[in-house]
Amino acid sequence: MASTIANFYNRTTTADMKDWPRNAVLYQPYEEEQILLAENASCLAVRTYLKMLELPVAVEQRANAEFISPGGRRTKLPVLRVENFIYAEFDHIVTFVEQNFNKSLSVDLSSEDKDLMRSLICLAEHMLTNAEQYISWVDADVRDTVTKQRNGCVFPFPLNYVQNWRKESAVKKQLRMADYLNVNLDKVIADVDHLCQDLSNRLGDNLYFFGEKPTELDALVFGHLYSIFTMKLPNNVLAQTINKHSNLKTFCSHIDLNYFTAIEKGKMMK
């Protein structure tokens, strides 16, 4: 059904698109009570990317955001609607914006740096999404006290149990395909720590990963790290791991203050 809707919306040709419209909409689950860690990271990454490009978009929080998505590889979120186009997830939205509006954050990078940036985006999204989904659905404490309550809160009984079962099955299938379902927490944390060390080394004392201007990599990494830092979980081992890399924490603070003027004042990690 979702793919049918997407085909209907996406039949407009590239030639029909000129300027970024004022009525662009980004759909995501409710932040305060519903959205899960990996979904929040993906949604925040796209919002940051659009802000960095200065492309205005109205953010609409909907209980059924996942179900109006045309699909995707991991979270299926957020969902961007621009005129008759509808796309979901960071990679697809970035490609759509670049191809239809000729907008890019990495236009000044060399070919070699663009290739490196794309590789880092793939690696960071893969590793961090795996970790976020593992913590949310495999760690029993987080799953039973936070994840299931948030995921099922918008559905009446007994549909909330059905939706939790459906979501848990889908996520565990993804983790199984990534060889991440049956690993232990120490392995997850070690992988995240290794990734963060690589990112920290790449960042150094710069404001952004490729110098003084942000790229798509900065938007993606900020979305994931900030979400991990700020989402309240009984097991905050991911945040503790990332917090060891002080320049990544400074990096998040800089983007938060410059592009969101503090998403919520006083919420930034301590």
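Residues numbered from 1 in each chain as written. Predicted model: local features only at pLDDT ≥ 70, side-chain atom pairs only at ≥ 80, totals over all residues. Heavy atoms only, no water.

**Student:** Explain the side chain of arginine 150 to me, please; I cannot follow it from the model alone.
**Tutor:** With respect to the helices, strands and loops of the structure, arginine 150 is situated in helix α5 (residues 140–152). One buried charged residue, arginine 150, forms no salt bridge at all, with the nearest opposite charge on glutamate 33 at 6.4 Å. Look past the residues within four positions of arginine 150 in its chain and what remains in contact with it is Tyr30, Glu31, Glu32, Glu33, Gln34, Ile35, Leu36 and Met231. (Helix = DSSP H or I, 4+ residues; strand = E, 2+ residues; numbered from the N terminus. Buried < 20%, exposed > 50% of the residue type's maximum accessible area, 1.4 Å probe, protein only. Lys, Arg positive; Asp, Glu negative; His and termini not counted. Salt bridge = Lys/Arg side-chain N within 4 Å of Asp/Glu carboxyl O. Contact = heavy atoms within 4.5 Å.)

**Student:** Help me understand the packing of helix α7 (residues 185–203) against helix α10 (residues 246–260), please; the structure alone is not making it clear to me.
**Tutor:** Packed helices, taken two at a time, are described by the angle their axes make and the gap between the axes. Close contact between α7 and α10 brings their axes to 9 Å; oriented N to C, the two are set at 70 degrees. Here α7 is positioned roughly perpendicular relative to α10, judged by the angle of their axes. When you trace α7 past α10, the crossing you get is left-handed. On α10, the residues touching Cys196, Leu199, Ser200 and Leu203 of α7 are Asn247, Leu248 and Phe251. Taken together, the residues that form the contact of α7 with α10 break down as five nonpolar, two polar and no charged. (Axes fitted to C-alpha atoms, helices over the stretch in contact; angles between N-to-C directions. Parallel < 35°, antiparallel > 145°, perpendicular 65-115°, else oblique. Left-handed = near helix turned anticlockwise from the far one by under 90°. Nonpolar A, V, L, I, M, F, W, Y, C, P; charged D, E, K, R; others polar.)

**Student:** Whenever I open this one, the side chain of aspartate 191 confuses me. Can you help?
**Tutor:** Secondary-structure assignment places aspartate 191 in helix α7. If near-sequence neighbours (up to four positions away) are discounted, aspartate 191 is found in contact with Met127 and Tyr180.

**Student:** Can you help me understand the pattern of salt bridges in this one?
**Tutor:** Pairs can form between side chains of opposite charge once their charged atoms are near each other. Using the criterion set out here, one finds 13 salt bridges in the structure. The partner of aspartate 115 in a salt bridge is arginine 118, with the nearest N and O atoms 3.3 Å apart. With aspartate 115 and arginine 118 both in helix α4 (residues 111–137), this residue pair falls three residues apart, about one helical turn. Across the pair lysine 187 and aspartate 191 runs a salt bridge whose closest N-O atoms are separated by 3.3 Å. One end of the pair is lysine 187 and the other is aspartate 191, both in helix α7 and four residues apart, which spans about a single turn. Owing to a relative accessible area of 39%, lysine 187 belongs among the partly exposed residues under this scheme. What emerges from the salt-bridge pattern is a single network uniting Glu39, Glu66, Arg166 and Lys167.

**Student:** It is not clear to me how the pairing of strand β3 (residues 79–82) should be interpreted in this structure. Could you clarify?
**Tutor:** Side-chain positions along a regular strand alternate between the two faces of the sheet. Two strands pair when backbone bridges link them, and strand β1 (residues 25–28) and β3 are joined in this way by three bridges, in the antiparallel orientation. Paired with tyrosine 27 across the two strands is valine 79, which belongs to β3. Of the strand pairs in this sheet, β3 and strand β4 (residues 85–88) are connected by four bridges, and their pairing is antiparallel. Looking at the pairing, valine 82 lines up with phenylalanine 85 of β4. The hairpin formed by β3 and β4 contains two residues between the paired strands, and glutamate 83 there has a positive phi angle of roughly 55 degrees. (Pairing = 2+ DSSP bridges.)

**Student:** For this particular structure, what's the right way to read α10?
**Tutor:** Its 15 residues place the ends of α10 21 Å apart at the C-alpha level, agreeing with the 21 Å of an ideal helix rising 1.5 Å per residue. Among all positions of α10, only Asn247, Leu248, Phe251, Cys252, His254, Ile255, Asp256 and Phe260 are buried. Buried positions along α10 lie against α2 (37–52), α7 and α8 (216–230). After α10 finishes, the residue threonine 261 shows a positive phi value of roughly 50 degrees. (Expected span 1.5 Å × (residues − 1).)

**Student:** Sorry if this is basic, but what is going on with empty space enclosed by the protein here?
**Tutor:** Picture a little ball the size of a water molecule; that probe, rolled over the atoms, points out where space is still empty. Applying the stated criterion across every chain, the model contains three cavities of 30 Å³ or more. Taken together, 13 residues form the lining of the largest cavity, with Gln34, Glu39, Ala63, Glu66 and Asn151 sitting closest to its centre. Of the residues belonging to the lining of the largest cavity, the class tally is seven nonpolar, three polar and three charged. (1 Å grid on protein atoms, 1.4 Å probe; cavity = no way out; pocket = protein on both sides within 12 Å on 5 of 7 lines; lining within 4 Å. Points joined across faces, edges and corners; volume = space filled by probe spheres on them.)

**Student:** It is not clear to me how the confidence of the model for the protein should be interpreted in this structure. Could you clarify?
**Tutor:** Where the model shows low pLDDT, its predicted coordinates should not be examined in detail. Averaged over all residues, the pLDDT of the protein is 92; the fraction at 70 or higher stands at 90%. The low-confidence segment residues 1–5 (pLDDT under 50) makes four contacts with residues lying over four places distant or belonging to another chain. In this model, residues 11–15 is a region of pLDDT below 50 whose contacts with residues beyond four sequence positions or in other chains number five contacts. (pLDDT = per-residue confidence, 0-100.)

**Student:** Is there a simple way to explain the nonpolar core in this structure?
**Tutor:** Side chains of nonpolar character tend, in soluble globular proteins, to be buried together. Within the largest apolar cluster, 79 residues are counted, with the highest numbers of intra-cluster contacts made by Trp20, Tyr49, Phe209 and Phe251. Not counting the four nearest positions on each side in its chain, phenylalanine 209 is found in contact with Leu199, Arg202, Leu203, Leu217, Asp218, Val221, Leu248 and Phe251. (Core = buried A, V, L, I, M, F, W, Y, C linked by side-chain atoms within 4.5 Å.)

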